[in-house]
Amino acid sequence: MKQRIGFIGTGVMGESMANHLMKGGHELFIYTRTKSKANGLLENGAKWCETVSELAESVDVIITMVGYPTDVREVYLGLQGILENASQGTYVIDMTTSSPALAKEIFEEAKQKGLYSLDAPVSGGDIGARDAKLTIMAGGEQAVFDHMQPIFKLMGENVVLQGEAGAGQFTKMANQIAIASTMMGVSESMAYAKKAGLDQEKVLSSIQTGAAGSFSLSKLAPRMIAGDFAPGFYIKHFIKDMGIAIDSAKELGMDTPGLIQAKNLYEQLAEDGEGNSGTQALYKYYDHE
């Protein structure tokens, strides 16, 4: 069924995700802080909204893909935000990687206003977004999740309801914790192969199908070898995610030494001006003469 969908945040991943919704036959309304980032979508027929409140008043479903938890809070809970301006019965889906506690807060506020809320962060980076093969980890009520399945399926392949509100964000934190240490291993491995005088591409062809295999090794190691550090996922956003995960782990009474070490390394890169590079730029830390 064709729906009016509002999409807030059309960055590296959001633009592709929104484009898939239009290709699926839905009427798309767009708001983003920098209008030029939405030019491609607008040229393809999306409608521009000047404010979050204008968008919220115009649609049946709202999807957000913004930068930081502070942005999520402002977009959802501000006086000119989604919850104050959306009509009863609107579905609101935050696909930003954000705080589990904030996801629960939004859920409770939305419920009081007669809105249906899901936290549904994603994994897969720019490639997954482009190819509509994202992993989507949802938290919320089963009936709401079921109703949104056709929309989710336009953007991703592995779509799972993990539990009640906040469960999607907890799952994304588990994902980011796994990636953090993996990226250290992949970067060290490729730098080691180079130092040993090996052909890195040949090494990669051998190890990526064995026990060392991972998305990071298969998708990001080739970019490291090629010197391609353009962002599929920004270092500055990964640092944000790792900070959320560390805080969440502390609340659970858990130590995360691998995660803390990865965050320290990425923060060093950001201090050296790499904050807008892709996460594969961690390779630069290891690959120096």
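Just so we're clear, the structure is a prediction, and the values are computed from it rather than from any experiment. (Residues numbered from 1 in each chain as written. Predicted model: local features only at pLDDT ≥ 70, side-chain atom pairs only at ≥ 80, totals over all residues. Heavy atoms only, no water.)

Visitor: Help me understand the packing of helix 9 (residues 167-195) against helix 12 (residues 235-251) in this model?
Guide: Any two packed helices are characterised by the angle at which their axes cross and by the distance between the axes. Across the interface, helix 9 lies against helix 12 with an axial gap of 9 Å and an inter-helix angle of 115°. Relative to helix 12, helix 9 is oriented roughly perpendicular. Two packed elements cross with a definite hand, and for helix 9 against helix 12 that hand is left-handed. On helix 12, the residues that touch Phe 170, Met 173, Gln 176, Ile 177, Ile 179 and Ala 180 of helix 9 are Phe 238, Asp 241, Met 242, Ile 244, Ala 245 and Ser 248. (Axes fitted to C-alpha atoms, helices over the stretch in contact; angles between N-to-C directions. Helix = DSSP H or I, 4+ residues; strand = E, 2+ residues; numbered from the N terminus. Parallel < 35°, antiparallel > 145°, perpendicular 65-115°, else oblique. Left-handed = near helix turned anticlockwise from the far one by under 90°. Contact = heavy atoms within 4.5 Å.)

Visitor: Quick question: what am I supposed to make of helix 8 (residues 142-155) here?
Guide: Structurally, the α-helix is built with 3.6 residues per turn, so residues lying three or four positions apart point the same way. Between its first and last C-alpha atoms helix 8 spans 19 Å; for 14 residues at 1.5 Å apiece the expected length is 20 Å, and the two agree. At Gln 149, helix 8 is bent by approximately 55°, the largest bend along its length, and proline Pro 150 sits one to four residues beyond. Within helix 8, the full set of buried residues consists of Val 144, Phe 145, Met 148, Ile 151, Phe 152 and Met 155. (Expected span 1.5 Å × (residues − 1). Bend = angle between axes of the 7 residues up to and from the residue. Buried < 20%, exposed > 50% of the residue type's maximum accessible area, 1.4 Å probe, protein only.)

Visitor: Even after reading the chapter, I still don't get the pattern of salt bridges, so can you show me in this structure?
Guide: In a structure, side chains of opposite charge can pair up when their charged atoms sit close to one another. For the structure shown, the criterion picks out 13 salt bridges. Taken together, the shared-partner salt bridges connect Arg 33, Asp 71 and Glu 74 into one network. (Salt bridge = Lys/Arg side-chain N within 4 Å of Asp/Glu carboxyl O.)

Visitor: Help me understand the side chain of Thr 97 in this model?
Guide: Within the secondary structure, Thr 97 sits in the loop between strand 5 (91-94) and helix 6 (100-112). According to the relative accessible area criterion, Thr 97 is buried, its value standing at 7%. For Thr 97, the side chain forms a polar contact with the side chain of Lys 172, separated by 2.5 Å. If we skip the residues at most four places from it in the chain, Thr 97 touches Pro 121, Gln 169, Lys 172, Met 173, Lys 240, Asp 241 and Ile 244. (Polar contact = N/O pair within 3.5 Å; in protein donor to acceptor, adjacent residues only side chain to side chain.)

Visitor: Would you take a moment to explain the environment of Gly 227 for this structure?
Guide: Relative to the helices and strands, Gly 227 is located in the loop between helix 11 (215-226) and helix 12. What makes Gly 227 partly exposed here is its relative accessible area of 44%. Sequence spacing of Gly 227 and Gly 253 is 26 residues, and the spatial spacing of their C-alpha atoms is 39 Å.

Visitor: Where do I start with the side chain of Gln 200 in this structure?
Guide: Relative to the helices and strands, Gln 200 is located in helix 10 (residues 200-207). A relative accessible area of 12% places Gln 200 in the buried class. In contact with Gln 200, not counting residues within four places along its chain, are Met 190, Ala 193, Lys 194, Ile 225 and Tyr 283.

Visitor: Explain the packing of helix 9 against helix 11 here, please?
Guide: Helix 11 packs onto helix 9 with a crossing angle of 45° between their chain directions and a minimal axis gap of 10 Å. Comparing their axes, helix 11 and helix 9 come out oblique. For the pair helix 9 and helix 11, the sense of crossing is right-handed. Across from Thr 182, Met 183, Val 186, Ser 187 and Met 190 in helix 9, the residues of helix 11 making contact are Ser 216, Leu 217, Leu 220, Ala 221, Met 224 and Ile 225.

Visitor: How should the nonpolar core be read in this particular structure?
Guide: Side chains of nonpolar character tend, in soluble globular proteins, to be buried together. Ranked by internal contacts, the top residues of the largest apolar core, which has 34 residues, are Met 17, Ile 63, Met 95 and Phe 152. Per-element accounting of this core gives the leading share, six residues, to helix 8. In contact with Ile 63, not counting residues within four places along its chain, are Ile 5, Gly 6, Phe 7, Ile 8, Leu 21, Ile 93, Met 95, Ile 151 and Met 155. Counting 31 residues, the second largest nonpolar core, distinct from the first, contains Val 203, Leu 220, Ile 235 and Ile 239. (Core = buried A, V, L, I, M, F, W, Y, C linked by side-chain atoms within 4.5 Å.)

Visitor: What's the story with empty space enclosed by the protein in this structure? I'm lost.
Guide: One simple way to see leftover space: roll a probe sized like a water molecule over the atoms. In this structure the tally under the stated criterion is one cavity of 30 Å³ or more. Counted as a void, the largest cavity has a volume near 80 Å³. Around the largest cavity, the lining is made up of 15 residues, and of these Asp 94, Ala 103, Ile 106, Leu 118 and Asp 119 lie nearest the centre. Elements that contribute at least two residues to the lining of the largest cavity include exactly helix 4 (69-77), strand 5, helix 6 and strand 6 (116-119). No other element matches helix 6, which puts four residues into the lining of the largest cavity. In the lining of the largest cavity, the residues fall into nine nonpolar, four polar and two charged. (1 Å grid on protein atoms, 1.4 Å probe; cavity = no way out; pocket = protein on both sides within 12 Å on 5 of 7 lines; lining within 4 Å. Points joined across faces, edges and corners; volume = space filled by probe spheres on them. Nonpolar A, V, L, I, M, F, W, Y, C, P; charged D, E, K, R; others polar.)

Visitor: What should I look at first to understand the pairing of strand 2 (residues 27-31) in this one?
Guide: Remark: a regular strand shows side chains that alternate across the two faces of the sheet. Counting buried residues in strand 2 gives four out of five residues, a clear majority hidden from the surface. Judged from the five bridges that link them, strand 1 (residues 4-8) and strand 2 form a sheet pairing that is parallel. Across the sheet, residue Phe 7 finds its bridge partner in strand 2, namely Ile 30. In terms of handedness, the path from strand 1 via helix 1 (residues 14-23) over to strand 2 forms a crossover that is right-handed. In the sheet, strand 2 pairs with strand 3 (residues 47-48) via two bridges, with the strands oriented parallel. From the neighbouring strand, Ile 30 faces strand 3, where its bridge partner is Trp 48. (Pairing = 2+ DSSP bridges. Right-handed = clockwise from strand over helix to strand, strands pointing away.)

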